[in-house]
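# Descriptive structure summary
Given next are the chains, with one letter for each unit.
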Amino acid sequence: MSLKVVIIGGVAGGASAAARLRRLDETAEIVLFEKDKYISFANCGLPYYIGDVIEERGDLLVQTPERMRERFNIDVRVRSEVIRILPDEKKVEVRNFKNGESYLESYDKLILSPGAVPHVPPVKGVDHPRVFTIRNVPDTDAVKGFVETNKPERAVVIGAGFIGMEMAENLYKKGVKVTIIELSENIIPMLDFEMAALAERYVIDKGIEVIRGTTATTLDRNGELLVVELINGRRIETDMVVFGIGVRPEATLAKESGLAIGQSGGIAVDEYLLTSDANIYAIGDAIEVTNLVSGTPALIPLAGPANKQGRIAADNVCGRQRKYKTTQGTAILKIFDMAVASTGLNERGLMRAGIAYQTAICHPFSHATYFPGASMLSVKVLFDAQDGTLLGAQVVGEDSVDKIIDAFSMAVRAGMTVFDLTELEFAYAPPFSSAKSPVNMAGYVASNILSGDVAVATWRDVDNIDPDHVAILDVRTSYEHKHDGNIKGALHIPVDDLRARMHELPKDKEIYVYCRVGMRAYIACRILKQNGYNVRNISGGFITYKAAHDVLAVGQKVAVS
């Protein structure tokens, strides 16, 4: 007797599980239920269809029900919603939207892949027809149709995560004046403040307004327009509102069926992706995973993990006993010509987990500077304060961001230290990288800190110094000091003059040293330390300090951690 497997939900997890099941078992009966018309679509590409970057709507449809039936012999039933699971009977109750009827379907094994739903706060006015969310193809069609038909002049995007930033860019490309509202202290919350500041300054320069530290309380009607009222009392008139403040796991069906729910709100699964029922697996955005770095429960709704989980669940249904270990949250986001990426935990995540850490920031170039087209990157690594184990990394820049974050991702997964980063061997030719790759450079900077060769201060530390006990030293050139801005009150001695002029520096104070990116300041720190001075290198140099303060100048004050 052949195995019968029912899958609830398609897209990354469910469709991957269905295809893998068929490859493993040609005789299995596989039924896939999807409440929408589309079983597998490129949800990460939806905003780019709105902005006409992806011109053909059909390109978003990764797999159709017809092709799944033909190639994989899978019984695909779209517009069919599973409304109840009966675990004791090993049956599901299905509502057919085409005729409104409900029926029972049996299973031997069940795979839940219900995904996640957009988080929309209980704000008055969210039911207005000019208020949108983006999660699936119908959502995208609604926004695309509104933009094409109504030609809006202004839009408010609430939430500055992946969807929010992508929507802001693509609405901007359609000629819409965009305001982004973000409750957190910085946009793109996967980044730390000073790294996100680089991206925020970039989008502000593009003409997009960014308002942080607040959110909407009410959406009032003003004729055909909307007035967005914020917590701080500001009112913004707009033609449309798009909510992009993240998603929550769609765990309602699982909870109503008596399945265990994790402390984060996702469906609880074991290392084999098995739920609290021995015949039911769960995968994708709906489940609670274990964070690789902290070892704690987490919700990490990403397409890559969902695809892997679909394959692993199918293997386990077929008796192969494969484990899904952990998720580390490697992610990348395009913002116009800039890319931002991260892996592992940021500072907020590490503090919540109670992990003692250190950070290092550097600004290497994407490839050899003498070869045309090199651009500067900003790289931050977070590492264990004792043994240097890499805990996370963030990269911002216009070129090579993807390959650099992928290298850091593998290093985090492998449990490497910052000392290991210095030894990694990467392909080098002037058009592609430097002899010391950006990954190597981050390792050198971090290992210098751990080895005690240099102590560091952060841009936040600079804002809180006691001038009676700390002096600031600028070791850039006279031109840079005069024309590129400087930290108020800093003494100025170019690094090449430092040995002859170090007597001008106080030995009874700690000295914070900075240059443009940190390299010359490191040299200055080595000189001064070996001559009896107490010194710290301002991490990331003036570039990092200025980016953070440029953003603070147009936003809200950031609390010091």
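Structure: above.
Residues numbered from 1 in each chain as written. Predicted model: local features only at pLDDT ≥ 70, side-chain atom pairs only at ≥ 80, totals over all residues. Heavy atoms only, no water.

## Looking at the pairing of strand E15 (residues 216-222)
Sheet topology places E15 next to strand E16 (residues 225-230); six bridges connect them, and they run antiparallel. The residue of E16 that forms the bridge with asparagine 222 is leucine 225. Taken together, E15 and the strand that follows it, E16, pair antiparallel across an intervening segment of two residues, in which glycine 223 is found at a positive phi of about 70°. (Pairing = 2+ DSSP bridges. Helix = DSSP H or I, 4+ residues; strand = E, 2+ residues; numbered from the N terminus.)

## Regarding the environment of isoleucine 538
Its location among the elements puts isoleucine 538 in strand E32 (residues 535-538). Between the C-alpha atoms of isoleucine 538 and glutamine 263, which are 275 residues apart in sequence, the distance is 39 Å. In contact with isoleucine 538, not counting residues within four places along its chain, are Ala457, Val462, Ile472, Ile487, Tyr512, Val513 and Tyr514. (Contact = heavy atoms within 4.5 Å.)

## A short note on the sheet that holds strand E25 (residues 357-362)
Read across the open sheet, the five strands follow the order E23-E24-E27-E26-E25; overall the sheet is antiparallel. Both outer strands of the open sheet, strand E23 (331-335) and E25, are each paired with one neighbouring strand and no more. The sheet shows a mean angle of 10° between the axes of neighbouring strands, direction not considered. Sheet topology places E25 next to strand E26 (residues 378-384); six bridges connect them, and they run antiparallel. Its bridge partner being in E26, cysteine 362 is matched across the sheet by valine 379. Contacting E23, strand E24 (338-344), E26 and strand E27 (390-397), helix H10 (residues 401-413) runs over the sheet at an angle of about 180° to E27. (Axes fitted to C-alpha atoms, helices over the stretch in contact; angles between N-to-C directions.)

## A word on a negative patch on the surface
Taken together, the side chains of Asp337, Glu398, Asp399, Asp402 and Asp406 define an acidic patch exposed on the protein surface. On the accessibility criterion, aspartate 337 (55% relative accessible area) is exposed. (Patch = residues over 30% accessible without salt bridge, like charges linked within 9 Å, V, L, I, M, F, W, Y side chains within 5 Å. Areas by Shrake-Rupley, 256 points an atom, 1.4 Å probe, with all protein chains shown as cover. Salt bridge = Lys/Arg side-chain N within 4 Å of Asp/Glu carboxyl O. Lys, Arg positive; Asp, Glu negative; His and termini not counted. Charge placed at Lys NZ, Arg CZ, Asp CG, Glu CD. Buried < 20%, exposed > 50% of the residue type's maximum accessible area, 1.4 Å probe, protein only.)

## Describing the environment of lysine 124
Tracing the backbone through its elements, the reader meets lysine 124 in the loop between strand E10 (116-118) and strand E11 (131-133). Judged by its relative accessible area of 59%, lysine 124 is exposed. Leave out the neighbours within four places in its chain, and lysine 124 touches Thr217, Thr218 and Leu219.

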